[in-house]
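Topology and contacts: notes
What follows is each chain in one-letter form.
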Amino acid sequence: MASPPRDESELPTTYVNNDEHGEEIFLSPVTTIVDIHTRVSDLYSSPHDQIAEQIRLTVETVKERQEAELINNADYGLIASAEPGQRISRWPRSGESAPGAAFRRLPSASTDRSS
């Protein structure tokens with residue numbers, strides 16, 4: 001990476017060693033249908049354009065789904081691709097939560113110190 005002054009100086013070159021036969025990943029498609037009745041658009045178009053809002057919400061939902069797939073998909077998600085040593089284990093599902101247990105192990109301020 002370089003940050004030269006605003007002139008025509010040449011940037012340093014780099015080389016990326018790409019794998020000729022890399023892993024082929026098939027992505028899952030995300031599809032949806034937006035069904036808006038014209039009477040809804042006609043009745044409730046003020047102050048918001050109902051069609052534009054429905055499309056905006058649909059696009060937002062699709063993008064959230066894509067993000068969830070990139071993170072959580074069992075085939076190609078980031079969580080599935082992480083090395084076992086890089087994964088964070090979850091808190092125990094049964095019994096007391098770890099923060100609560102750690103809090104109780106701290107010495108209390110009201111202990112009797114007269115000895």
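These notes cover the structure that comes with them. Per-chain numbering applies: the sequence of each chain, read as written, is numbered from 1 onward. Per-residue local features are limited, in this predicted model, to residues with pLDDT of at least 70; the limit for side-chain atom pairs, both in listing and counting, is 80 or more; totals at the level of whole chains, interfaces and linings are taken over all residues. Computation of side-chain values covers all heavy atoms of the structure but excludes hydrogens and water.

**As for the overall build of the protein**
On a plain count of helices and strands, the protein comes out with four helices and zero strands. Runs of H or I in DSSP of at least four residues are treated as helices and runs of E of at least two as strands, each being numbered from the N terminus. If you list the helices and strands of the protein from N to C, you get α-α-α-α. Throughout this description, buried means an accessible area under 20% of the type-specific maximum (1.4 Å probe, protein chains only), exposed means over 50%, and partly exposed covers the range between. When the 115 residues of the protein are sorted by exposure, 6% land in the buried category. Contacts are assigned to residue pairs with any non-hydrogen atoms lying within 4.5 Å of each other. Once local pairs closer than 6 in sequence are excluded, the contacts in the protein between residues at least 24 apart make up 32%. Of the roughly 11500 Å² of accessible surface on the protein, a fraction of 53% belongs to carbon and sulfur atoms. The accessible surface values rely on the Shrake-Rupley method and a 1.4 Å probe; as for residues, cover is taken only from the protein chains in view.

**Digging into the pattern of salt bridges**
Between Lys or Arg on one side and Asp or Glu on the other, a salt bridge is scored when a side-chain nitrogen of the former is within 4 Å of a carboxyl oxygen of the latter. Overall, the coordinates contain three salt bridges when judged by the stated rule. Salt-bridge contacts for E60 lead to R56; the nearest nitrogen and oxygen are separated by 3.2 Å. With a gap of four residues between them, E60 and R56 both fall in helix α2 (residues 50-72), about one helical turn apart. Given a relative accessible area of 36%, E60 falls into the partly exposed group. The network of salt bridges with common partners includes E53, R56 and E60.

**Focus on the side chain of N73**
Looking at where N73 falls in the secondary structure, it is placed in the loop between α2 and α3 (78-81). The class for N73 is buried, based on a relative accessible area of 14%. Pairing of N or O atoms within 3.5 Å defines a polar contact, subject to two protein rules: one partner must be a possible hydrogen donor and the other a possible acceptor, and residues neighboring in sequence count only if both atoms are side-chain atoms. A polar contact of 2.7 Å, which involves the side chain of N73, links it to the backbone nitrogen of D75. There is a polar contact of 3.4 Å between the side chain of N73 and the backbone nitrogen of Y76. The contact partners of N73, leaving out residues within four places of it in the chain, are S28, A68 and A80.

**Quick look at α2**
To estimate how far a helix should reach, multiply one less than its number of residues by 1.5 Å. Taking 1.5 Å of rise per residue, the 23 residues of α2 would be expected to cover 33 Å, and the 32 Å separating its terminal C-alpha atoms lies within 8% of that figure. Those residues of α2 not exposed but buried are Q50, T58 and E69. Where α2 is buried, its residues meet α1 (38-43).

**Some details on a nonpolar patch on the surface**
In this analysis, a patch consists of residues with relative accessible area above 30% that form no salt bridge, clustered at 9 Å for like charges and at 5 Å for the nonpolar side chains Val, Leu, Ile, Met, Phe, Trp and Tyr. A cluster of nonpolar side chains, contributed by V34, I51, I55 and V59, occupies part of the molecular surface with about 300 Å² of accessible area. Note on placement: I55 falls in helix α2.

**Quick word on the environment of Y76**
Checked against the element boundaries, Y76 lands in the loop between α2 and α3. Given the relative accessible area of 12%, Y76 is considered buried. Separated by 50 residues in the primary sequence, Y76 and F26 have C-alpha atoms spaced 8.3 Å apart. For Y76, the residues in contact, after removing those within four places along its chain, are I25, F26, L27, S28, E69, L70 and S81.

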